[in-house]
Amino acid sequence: MRLHYASAGQAAAGQRTAGADYDRELIWVTVLLLAFGLVMVYSASIATAEASRSAGNNTVYFLVRHAIYVLISLVAAVIAFQVPLRLWQVAAPFLFIFGLALLVLVLIPGIGREVNGSRRWLSLYVINLQPSELMKMCVLLYAADYAVRKAAFMHSLRHAFLPMFGVMLLTGALLLLEPDFGAFAVITVIAIGILFLGGMNWRLFAGLIVMLVAGFLLLIWTSPYRMQRVIGFMDPWADPYGKGYQLSHALIAFGRGEWFGVGLGASVEKLFYLPEAHTDFLLAVIGEELGFAGVLTLVLLFGWMVWRAFAIGRRAADLERAFPALVAQGIGLWIGVQVIINMGVNMGVLPTKGLTLPLMSFGGSAILVTCCALAVLLRVDWENRQLARGYTV
């Protein structure tokens, strides 16, 4: 790719002119979702916090923690935005190895923290880090770098398909040992999506899809608790006080919300009926309190964000910037797939999985990594605009 180099004076002037040239709409949508999430986490967690001894019976316990997570995430996003895409590409393999090391570390008894039968967290005393969330970003960057490096061999089974398949098999095995099937599903979609966008031969891609579907079915068939989740999601009313309890109450919440909801703060299901109301099932509380209108607003906001990510990626591709293009589109895939899974789980369209609603659900690691990913997306857009004007990045 040929760039036009300006003199020192012209470059300085160009940086002043173009320095504020960024996607303001993307920033405002992100801020709006974060603010909306703060409000809804507070609304969904009041009763839980008040009844919890670990929370000091303080009604604002989860609100304060969530606000701290958001502030830390915004600071981290500002830092991530300063890093050029060429440095992200150089660091991609090392970040991936670091992510794998964290996935191994979390499985070691005494180091990894176990909650509800899952060992997914590393205690940092002040907060808990969830390596599977960080791994989404690591896989995104690694897959984009891999597709660029292997661009000339994307038709080859031996040179393109098998190495990446082996890497993802190792990653998947570590995630399933936690177990974190939801993160495994999202990470798998990110990896194969980027390989497809990077030019993988369609026959290899189709074969990969078949193998993945067979693998997912085998995992469900050989795991009693996953099989129970599938059965429960297909007919939650068959056992509304057992395996269908969570989903049945989520559906009751949506039913109560109707078109415009029962009013902000007026949810009944969050009063100890719906487990994980402020985390995985936050959408059900939104549906109850704000109705179809509130849920549709969220769908439109996330839909616009995903569309914008692909548009930024397409612009980078037009400028012959392969790695930034794949990163931007991979971020769009990541957010889109995670939103679809979370909403599908809440509405009973998909089996119950422990995936948060991006930027909104309570959880520090998820918000931190998603904000950093969006900062990288903004950086791709910013660099696109600089290069389009003839400046270096």
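Let me sum up the structure you'll find in this document. Computed from a predicted structure; not experimentally measured.

Turning our eyes to something else, we now look at the packing of helix 5 (residues 131-149) against helix 7 (residues 181-197). Packing of helix 5 against helix 7 leaves a shortest axis separation of 9 Å and a crossing angle of 15 degrees. In terms of orientation, helix 5 lies roughly parallel with respect to helix 7. The interaxial crossing formed by helix 5 with helix 7 has right-handed handedness. Of the residues in helix 7, those in contact with Ser132, Met135, Lys136, Val139, Leu140, Ala143, Ala144, Tyr146 and Ala147 of helix 5 are Ala183, Val186, Ile187, Ile190, Ala191, Ile194 and Leu195. Taken together, the residues of the contact of helix 5 with helix 7 break down into 14 nonpolar, one polar and one charged.

The contact between helix 10 (residues 245-257) and helix 11 (residues 282-318) brings their axes to 7 Å, and the two run at 35 degrees. Read as a crossing pair, helix 10 and helix 11 show a hand that is right-handed. Note on element contacts: helix 11 touches helix 10 through Leu283, Ala284, Gly287, Glu288, Gly291 and Val295, opposite Ala250, Ala253, Phe254, Arg256 and Gly257.

By secondary structure assignment, the location of arginine 119 is in strand 2 (residues 118-123). Here the side chain of arginine 119 touches glycine 112 through a polar contact of 3.0 Å, landing on its backbone oxygen. Those residues within four positions of arginine 119 in sequence are excluded, and the remaining contacts are Val106, Leu107, Ile108, Pro109, Gly110, Gly112, Arg113, Glu114 and Glu178.

What follows concerns the pairing of strand 2. In summary, the side chains of a regular strand alternate between the two faces of the sheet. The element strand 2 is extensively covered by neighbouring structure, given that five of its six residues are classed as buried. Two elements, strand 1 (residues 112-115) and strand 2, share four bridges in a ladder whose sense is antiparallel. Within strand 2, the residue paired with glycine 112 across the bridge is leucine 122.

Turning our attention to the environment of proline 163. Following the sequence through the fold, proline 163 ends up in helix 6 (residues 157-177). Overall, proline 163 belongs to the partly exposed group, its relative accessible area being 32%. For the pair proline 163 and tyrosine 146, spaced 17 residues apart in sequence, the C-alpha separation works out to 9.8 Å. What proline 163 contacts, discounting residues up to four positions off in sequence, is Tyr146, Leu157 and Arg158.

A separate point is the packing of aromatic side chains. Across all of its chains, the model carries nine aromatic pairs by this definition. Consider the rings of tryptophan 259 and phenylalanine 292, whose centres lie 5.4 Å apart with planes at 80 degrees: the pair is edge-to-face. Here the residue tryptophan 259 occupies a position in the loop between helix 10 and helix 11, and phenylalanine 292 occupies one in helix 11, the gap between them amounting to 33 residues. Residue class for tryptophan 259 comes out exposed when judged on its relative accessible area of 59%. Following the ring pairs from residue to residue traces out a cluster consisting of Tyr61, Phe62, Tyr69 and Phe362. Geometry around tyrosine 22 places arginine 24 over its ring, the cationic atom sitting 4.9 Å from the centre.

Cut-off values and rules
Residues numbered from 1 in each chain as written. Predicted model: local features only at pLDDT ≥ 70, side-chain atom pairs only at ≥ 80, totals over all residues. Heavy atoms only, no water. Axes fitted to C-alpha atoms, helices over the stretch in contact; angles between N-to-C directions. Helix = DSSP H or I, 4+ residues; strand = E, 2+ residues; numbered from the N terminus. Parallel < 35°, antiparallel > 145°, perpendicular 65-115°, else oblique. Left-handed = near helix turned anticlockwise from the far one by under 90°. Contact = heavy atoms within 4.5 Å. Nonpolar A, V, L, I, M, F, W, Y, C, P; charged D, E, K, R; others polar. Polar contact = N/O pair within 3.5 Å; in protein donor to acceptor, adjacent residues only side chain to side chain. Buried < 20%, exposed > 50% of the residue type's maximum accessible area, 1.4 Å probe, protein only. Pairing = 2+ DSSP bridges. Phe/Tyr/Trp six-rings, centres within 6.5 Å; stacked < 30°, edge-to-face > 60°. Lys NZ or Arg CZ within 6 Å of the ring centre and 35° of its normal.

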